[in-house]
Amino acid sequence: MSYYNKLRKDLDGAAADGLITQEQAGKVWERAYAARLTAGWKASYIIAAFAGLFMAIGVGLIVAHNWDKLGVMAKIGAFLLLFAAAGLAALQFEERTAVAVPAEVLWFFMPAIGIGLYAQIFQLSGDPVKPYLVWGALVLPQALLSRRKLTATLTVILLFACLFMGTFQAGNLLSLSAGSSYNNPNPVPPPWWHWALALAVLGAAAGAAFYRRCHSPMRVLGAVLAWVVLLLFARTPLQLSSTAPLTLAVSAAAALWIIWTPAGERLESRLPHLAWLLAVYSMTFFWHTLPKSSMDSPGGLALAWVLAAAAVLSAVFGPAAGLTDGRWKTAFRAALIAPVAASLLLFNPTETGARSVALAANFIIIAAGLGLIWNGARENLEKRINTGVFFIALIVLTRFFDLFGGMLSSGLGFIGTGLAFAGLAWGINRGRKAIIQAAGEPK
């Protein structure tokens, strides 16, 4: 059941119980539903957007087929005239969706067509990212000032694409590549203005998304943290090669994503919680793998420790998802801090330290699962109970393969494993249903 369907059901139930009137329930649901990302995207709106996209493609095809028949001034003049017409139509008819949306989409894509036109006329080549950055700079004012959020949505996607495409590749003005591994005695660091430009693009993308509220804060925050973490993995001057600081940074970033996702999204968004689960789950495999220790960049180490400190401080003093139960708040904060603290054991690159981290990660996931089951039973939330059962089942299945994987070498071994899984599934499902029934009617 989607969030909005569940909200509608809960509001109808509250109205039926006399807690609120049916009119109030309808207004609350309409207000929440209107705040979603695709609010107002009716069928006519989507069709109009595709109309604008096809018009932009059509303009490009017409130019391509008549390229040799047009002079330089005719090409430039025709483009500027069409560009101005699209912008004027988008502004003058902004109340008429059938006209304004196609014009706005065409206006958004026209700079890309113009850049390609200019490059062909003057035989330009080189930096593969620069045209997209120019495109983003040209449409950014439109994204900030347009009444609709469509252009802002597309612009934010374009800017983040430029950031990820440019910073981790060599040969462009956004490149942060060190030319080779940081361990190379003669790396080629990027000039300082590459860093300034990359941060400016990041700030423009995130700022436009938050200012226009055209993208979920959870997704924007996740994109920013993903870029920061990739700086530590990619061949940049911040590259880390050792397992310990990389694990520290990843677990801290996952915790920060959960903590700073707004409370209204945090309880319903799965991506931050999935990232946290994957980060901790990956730590369980240190039972088999020794952490690698190598030379790391000082800047990367500093960034990893800054992320860890920010995660711990945010977990202790940051928002707690609107939770009111003191014990649940404590458990929530502990679940976020524990993986960061456990990863510190990897800085002692021994078999004992690695297995201690793996053991701790197993207990963290199991404890988180039990906590979700406990909280879901208290608040009559079946979804939370199911999530807790999934956490525990994931660890049970993984450890089963660790202990009995060698049995899967014959037909009898596979049959025995299948029977064991069937019994495990039956037991888990029976326990899950018992907990849900004991908790009462699920919300």
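Residues numbered from 1 in each chain as written. Predicted model: local features only at pLDDT ≥ 70, side-chain atom pairs only at ≥ 80, totals over all residues. Heavy atoms only, no water.

## Section: a nonpolar patch on the surface
- Taken together, Leu 144, Leu 145 and Tyr 211 make up a surface patch of nonpolar side chains, about 370 Å² in accessible area.
- Among the secondary structure elements, Tyr 211 is positioned in helix H8 (residues 192–212).
- Tyr 211 sits in the exposed class, given a relative accessible area of 60%. (Patch = residues over 30% accessible without salt bridge, like charges linked within 9 Å, V, L, I, M, F, W, Y side chains within 5 Å. Areas by Shrake-Rupley, 256 points an atom, 1.4 Å probe, with all protein chains shown as cover. Salt bridge = Lys/Arg side-chain N within 4 Å of Asp/Glu carboxyl O. Helix = DSSP H or I, 4+ residues; strand = E, 2+ residues; numbered from the N terminus. Buried < 20%, exposed > 50% of the residue type's maximum accessible area, 1.4 Å probe, protein only.)

## Observations concerning the environment of Glu 351
- Of note, Glu 351 is situated in helix H15 (residues 351–379).
- Accessibility expressed as a relative area gives 47% for Glu 351, which makes it partly exposed.
- Sequence spacing of Glu 351 and Thr 289 is 62 residues, and the spatial spacing of their C-alpha atoms is 8.3 Å.

## Here we look at the packing of helix H9 (residues 217–233) against helix H10 (residues 243–260)
- Running from N to C, H9 and H10 point in directions that differ by 170 degrees, and their axes come no closer than 10 Å. Between H9 and H10, the crossing angle belongs to the class labelled roughly antiparallel. Where H9 approaches H10, its residues Met 218, Leu 221, Gly 222, Leu 225, Val 229, Leu 232 and Phe 233 are matched on the opposing element by Leu 246, Ala 249, Val 250, Ala 253, Leu 256, Trp 257 and Trp 260.
- Of the residues contributing to the contact of H9 with H10, the split by class is 13 nonpolar, one polar and no charged. (Axes fitted to C-alpha atoms, helices over the stretch in contact; angles between N-to-C directions. Parallel < 35°, antiparallel > 145°, perpendicular 65-115°, else oblique. Contact = heavy atoms within 4.5 Å. Nonpolar A, V, L, I, M, F, W, Y, C, P; charged D, E, K, R; others polar.)

## Observations regarding helix H7 (residues 150–167)
- Under the 1.5 Å per step criterion, the end-to-end length of H7 is 26 Å for 18 residues, consistent within 8% with the ideal 26 Å.
- In terms of residue burial, H7 counts as a mostly covered element, since 13 of its 18 residues are buried. (Expected span 1.5 Å × (residues − 1).)

## Section: unusual backbone geometry
- Positioned with a positive phi, Arg 213 is a non-glycine residue whose angle comes to about 55 degrees.
- Positionally, Arg 213 belongs in the loop between H8 and H9.
- Taking relative accessible area as the criterion, Arg 213 reaches 67% and is therefore assigned exposed.

## Side note on the nonpolar core
- By size, the foremost hydrophobic cluster in this structure holds 74 residues, and its most contacted members are Phe 160, Trp 227, Trp 276 and Leu 336.
- Per element, the largest residue contribution to this core is eleven residues, and it comes from H10.
- Setting aside its immediate chain neighbours within four residues, Leu 336 contacts Ala 255, Ile 258, Ile 259, Trp 276 and Ala 315. (Core = buried A, V, L, I, M, F, W, Y, C linked by side-chain atoms within 4.5 Å.)

## Let's talk about the pattern of salt bridges
- All chains considered together, the criterion is met by one salt bridge.
- A salt bridge links Arg 355 to Glu 351; the shortest N-O distance between them is 3.4 Å. In this pair, Arg 355 and Glu 351 both sit in helix H15, four residues apart, roughly one turn of the helix.

## Things to note about the packing of H10 against helix H13 (residues 298–317)
- The geometry of H10 relative to H13 is characterised by a closest axis approach of 8 Å and an angle of 35 degrees between their N-to-C directions. Of the two elements, H10 crosses H13, and the hand of that crossing is left-handed. Only Leu 301, Ala 304, Trp 305, Leu 307, Ala 308, Ala 310, Ala 311, Ser 314 and Ala 315 of H13 make contact with H10, whose side of the interface consists of Pro 245, Leu 248, Ala 249, Ala 252, Ala 255, Leu 256, Ile 259 and Trp 260.
- A per-class count over the contact of H10 with H13 returns 16 nonpolar, one polar and no charged. (Left-handed = near helix turned anticlockwise from the far one by under 90°.)

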